[in-house]
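Commentary on secondary and tertiary structure
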Amino acid sequence: MADKATSEFFFELSEVHTSLGGKAILRGVNLEIPTGKTTVILGGSGAGKSVLLKHLNGLIRSRSGVISVAGEEIQSMSEPELLKIRKRIGILFQDGALFDSMTVGENVAFPLVEQGWKDQRELDAAVAQALEHVGLPGEERKMPAKLSGGMRKRASLARAMIFHPECLLCDEPTAGLDPILSETISRLIRALVKERETTAVVVTHDLGAMRIMADHVVFLRDGKVRFSGDLDELEASGDEGIRQFLSATGGGG
Ligand SMILES: Nc1ncnc2c1ncn2[C@@H]1O[C@H](COP(=O)(O)OP(=O)(O)OP(=O)(O)O)[C@@H](O)[C@H]1O
Ligand SMILES: [Mg+2]
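Residues numbered from 1 in each chain as written. Chains lettered and ligands numbered in written order. Predicted model: local features only at pLDDT ≥ 70, side-chain atom pairs only at ≥ 80, totals over all residues.

1. Quick notes on the overall build of the protein chain
The cut-off we apply is this: Secondary structure elements are taken from DSSP: a helix is a run of H or I of four residues or more, a strand is a run of E of two residues or more, and numbering for both begins at the N terminus. We call a residue exposed when 12 or fewer other C-beta atoms sit within 10 Å of its C-beta, buried when the count reaches 20 or more, and partly exposed for counts in between; the C-beta positions come from the backbone.
Along the protein chain, the regular secondary structure elements total 9 helices and 10 strands. Here the protein chain holds 253 residues, and 40% of them are scored as buried.

Here it is, written out as structure tokens:
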């Protein structure tokens with residue numbers, strides 16, 4: 001395994017521009033994401049949050065600009081080089097993205113199998129432990145279709161964290177959950193990343209979830225970072241768009 005990142009920032013983005021389908025989505029993103037902390041990315045629908053998140057492990061490549069991950073510039077990397085970077089980063093996609101034809105256990109084991117693990121007993125033990133950590137002990141044999149929304153999120157989180165990545169990327173981890181489950185999942189993510197000193201980047205609309213998880217907040221609008229700071233600075237921001245976002249989504253309470 002690569003040495004753990006020790007630099008102040010796990011991700012550094014400078015003037016990142018990306019167009020998709022002929023439309024400019026990221027329009028000069030400048031961003032520093034601190035190592036060992038949780039950064040929450042806020043922004044309205046279509047602001048480019050998911051697209052930005054996928055740049056962080058090279059799933060989407062930028063047209064121009066510089067992206068460094070743990071001190072290494074990734075834009076010019078080959079796929080095998082990028083794979084090494086991806087081995088350090090777990091990702092929880094916006095829809096959970098469990099494979100419906102595989103059991104929960106096979107889903108959770110998937111990143112380890114991809115990384116070359118072959119011993120079934122070792123795999124089984126790792127899966128059992130990962131499921132235990134997310135509050136789904138003994139659910140290996142269930143099919144994803146049989147899981148509730150909250151259980152799907154837990155299983156996806158177990159899969160993203162099974163290889164103890166240095167960094168966790170989460171896209172809307174509480175979307176579609178009721179407020180109580182949303183709080184439970186947010187606290188679970190917070191506890192896991194704190195315990196393991198994981199660098200986390202969480203995209204969310206959910207201000208309750210943000211308050212539980214965030215050490216650092218970034219607000220994205222029209223493909224640019226409009227704010228970067230802590231929760232108190234966010235609440236105190238005079239930016240009209242941020243004020244609207246916070247009040248429209250129930251940020252007052
Ligand atoms: N593969 C793609 N090809 C073309 N356009 C895309 C692609 N992926 C995203 N887009 C466009 O990029 C813009 C930003 O999308 P993105 O999914 O990042 O938004 P978001 O901020 O995550 O929104 P939401 O909160 O609804 O998830 C949207 O206009 C979307 O249609
Ligand atoms: Mg999105």
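Still to come is the rest of the account.
2. Comments concerning the sheet that holds strand E3 (residues 38-42)
Put simply, the test is: Two strands qualify as a pair provided DSSP detects at least 2 bridges between them. Lines fitted to the C-alpha atoms define the axes, with helices restricted to the stretch that makes contact. Angles between their N-to-C directions range from 0 to 180 degrees.
Across the sheet, which stays open at both edges, the 6 strands sit in the order E6-E7-E8-E3-E9-E10 with mixed pairing between neighbours. Whereas interior strands pair on both sides, the edge strands pair on one side only; in this sheet they are strand E6 (89-92) and strand E10 (224-229). Pairs of neighbouring strands in the sheet enclose a mean axial angle of 15°, with direction left out of account. Of the pairings in the sheet, the one linking E3 to strand E8 (residues 199-203) comprises 4 bridges and is parallel in character. Bridging from a neighbouring strand, threonine 38 pairs with alanine 200 of E8.

3. A word on the nonpolar core
Operational definition: What we call a nonpolar core is a set of buried Ala, Val, Leu, Ile, Met, Phe, Trp, Tyr and Cys residues whose membership is set by joining through C-beta atoms within 7 Å. Reported domain spans reflect what an automatic or database domain assignment gives. The contact rule is simple: place each C-beta atom from the backbone, and if two of them lie within 7 Å, those residues are in contact.
Judged by nonpolar contacts, the single largest core of 64 residues is most densely connected at Val108, Ala130, Ala158 and Leu169. For this core, the two domains that each supply at least three residues are domain 1 (1-88 + 165-253) and domain 2 (94-160). For alanine 130, the residues in contact, after removing those within four places along its chain, are Val108, Ala158, Met161 and Ile162.

4. A word on the site of ligand 1
As a reminder of what qualifies: Each residue receives a C-beta atom built from its backbone; the residue is near a molecule or strand if that atom lies within 6 Å of it. Any residue that is not Ala, Val, Leu, Ile, Met, Phe, Trp, Tyr, Cys, Pro, Asp, Glu, Lys or Arg is counted as polar, Gly included; the first ten are nonpolar and the last four charged.
If you check the shell around ligand 1, you find Leu20, Gly21, Ile25, Gly43, Ser45, Gly46, Ala47, Gly48, Lys49, Ser50 and Val51 and nothing else. Sorting elements by how many residues they give to the shell around ligand 1 places helix H1 (residues 49-55) first, with 3 residues. Of the residues belonging to the shell around ligand 1, the class tally is 4 nonpolar, 6 polar and 1 charged.

5. Quick notes on the domain arrangement of the protein chain
Annotation of the protein chain at the domain level lists domain 1 (1-88 + 165-253) and domain 2 (94-160). For domain 1 and domain 2, the distance between their C-alpha centres works out to 24 Å. Taken together, the elements giving at least two residues each to the side of domain 1 that touches domain 2 come down to strand E7 (167-171) and helix H6 (179-196). In terms of residue count, the dominant contributor to the side of domain 1 that touches domain 2 is H6 (5 residues).

6. Side note on the pairing of E7
Stated formally: Here a crossover is taken to be right-handed if, once the strands point away from the viewer, the path from the first strand over the helix to the second is traced clockwise.
Where burial is concerned, most of E7 is hidden: 5 out of the 5 residues are buried. For E6 and E7, the ladder comprises 4 bridges, and the chain directions are parallel. Each bridged residue has a counterpart across the sheet, and for glycine 90 the counterpart in E7 is leucine 168. Pairing between E7 and E8: 5 bridges, direction parallel. Looking at E8, one finds that leucine 168 is bridged to alanine 200. Taking the sense of rotation as the criterion, the β-α-β connection linking E7, H6 and E8 turns out right-handed.

7. Some thoughts on H6
This is how it is decided: Under the convention used throughout, the expected extent of a helix is 1.5 Å for every residue step, that is, one less than its residue count. To be clear, the arc concerns the directions from the helix axis to the C-beta atoms.
A rise of 1.5 Å per residue sets the reference length of H6, with its 18 residues, at 26 Å; its end C-alpha atoms lie 26 Å apart and thus fit the reference within 8%. Looking at H6, one finds that the buried residues are Ser182, Ile185, Ser186, Ile189 and Val193. Down the axis, H6 shows its buried residues gathered within 100° of arc, on one side only. Pointing more than 90 degrees away from the buried face of H6 are the exposed residues Ile180, Ala191 and Glu195. At its buried positions, H6 is contacted by E3, helix H5 (149-161), E7, E8 and helix H7 (207-213). Phi turns positive one or two residues past the end of H6, at glutamate 197, with a value near 55°.

8. What about unusual backbone geometry?
With a phi close to 50°, glutamate 15 is a non-glycine residue in the positive phi region. Following the sequence through the fold, glutamate 15 ends up in strand E1 (residues 9-20). A positive phi angle, close to 50°, is found at glutamate 172, a residue other than glycine. Inspection of the secondary structure assignment puts glutamate 172 in the loop between E7 and H6. Residue glutamate 172 is classed as buried on the basis of its 22 C-beta neighbours within 10 Å.

9. Some thoughts on the environment of glycine 229
Looking at the element boundaries, glycine 229 is found in strand E10. Taking the C-beta count within 10 Å as the criterion, glycine 229 has 14 such neighbours and is therefore assigned partly exposed. Taking C-alpha positions, glycine 229 is 17 Å from aspartate 206, a pair spaced 23 residues apart along the chain. Leaving out residues up to four positions away in the same chain, glycine 229 has contacts with Val217 and Leu234.

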